[in-house]
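Listed below are the residues making up each chain.
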Amino acid sequence: MTVRTIAVPFDRLDPHAVYAVAQLRQQVFVVEQECPYPDLDGRDVEDGTRHVLLLDDSTGSALLGYARVLDDGDVWRIGRVLLDVPARGQGLADVVMRTALSVCRGRDVVLDAQSPLARWYATFGFVVDGPEFVEDGIPHVPMRLSV
């Protein structure tokens, strides 16, 4: 498998990439994790948003993973971090996160981690930054990476 990542604004995604992102986010969050929530929240098309795509070039650039980086003004916010089922367990989530972090310059980075993944996010320097909360039936913790 030959993988590559890109981090681009919405207007640099072609229609097939937009469809693949929406389909994978729906598959992981809505179907697999059973979280019926409004995934298309309007933030994907904001000027400061970057879409991180992990692509498998050996299969014609199939989408293997994804993350979204939002410009929240005083901080960057990373969310929607995911891998397709066949890509899991190979360390590829690290590649997605490193790419997401590479576009977060000059400000702290925040995210809401599913609680079981807090240790993994800590490997990138994130620390828990508030009390645990439940969103869509899943425990989360706010985390921050200070610059």
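Residues numbered from 1 in each chain as written. Predicted model: local features only at pLDDT ≥ 70, side-chain atom pairs only at ≥ 80, totals over all residues. Heavy atoms only, no water.

Novice: Which parts of the structure should I look at to understand the overall build of the protein chain?
Specialist: Broken down by element type, the protein chain carries 3 helices and 8 strands. For 147 residues, the compact-globule formula gives about 15 Å, and the C-alpha radius of gyration of the protein chain, at 15 Å, lands near that figure. Along the longest, intermediate and shortest principal axes, the C-alpha atoms of the protein chain span 40 × 35 × 30 Å. Going through the 147 residues of the protein chain one by one, you find that 41% of them count as buried. Each charge class in the protein chain was averaged separately, 14 positive and 22 negative side chains, and the resulting centres sit 5 Å apart. (Helix = DSSP H or I, 4+ residues; strand = E, 2+ residues; numbered from the N terminus. Rg over C-alpha atoms; globule rule 2.2 N^0.38 Å. Buried < 20%, exposed > 50% of the residue type's maximum accessible area, 1.4 Å probe, protein only. Lys, Arg positive; Asp, Glu negative; His and termini not counted. Charge placed at Lys NZ, Arg CZ, Asp CG, Glu CD.)

Novice: I would appreciate a short explanation of the pairing of strand E5 (residues 109–114) in the present structure.
Specialist: Here is the key point about a regular strand: its side chains alternate between the two faces of the sheet. Summarising burial for E5: 5 of the 6 residues are buried, a large majority. Where strand E4 (residues 76–83) and E5 come together, 2 bridges link them in parallel fashion. Bridge pairing links arginine 77 to valine 110 in E5. One crossover worth recording links E4 to the parallel E5 by way of helix H2 (residues 92–102), and it is right-handed. (Pairing = 2+ DSSP bridges. Right-handed = clockwise from strand over helix to strand, strands pointing away.)

Novice: Which parts of the structure should I look at to understand the environment of valine 28?
Specialist: When you line up the elements, valine 28 lands in helix H1 (residues 15–32). Look at valine 28 and you get buried, because its relative accessible area is 4%. Distance in space between the C-alpha atoms of valine 28 and valine 81 is 9.9 Å, their sequence separation being 53 residues.

Novice: I would appreciate a short explanation of H1 in the present structure.
Specialist: For an α-helix the count is 3.6 residues per turn, leaving residues at separations of three or four pointing the same way. An ideal rise of 1.5 Å per residue puts 26 Å on 18 residues; H1 measures up with 24 Å between its terminal C-alpha atoms. Bending of H1 peaks at approximately 30 degrees at the position of glutamine 26. Every buried residue of H1 is listed here: Ala17, Val21, Leu24, Arg25, Val28 and Phe29. For H1, the secondary structure elements touched by its buried residues are strand E2 (50–56), strand E3 (62–71) and E4. Where H1 begins, the side chain of aspartate 14 points an oxygen toward the backbone nitrogen of histidine 16, at a separation of 2.8 Å. Immediately beyond the C-terminal end of H1, within one or two residues, lies glutamate 34, with a positive phi of roughly 55 degrees. (Expected span 1.5 Å × (residues − 1). Bend = angle between axes of the 7 residues up to and from the residue. Contact = heavy atoms within 4.5 Å. Polar contact = N/O pair within 3.5 Å; in protein donor to acceptor, adjacent residues only side chain to side chain.)

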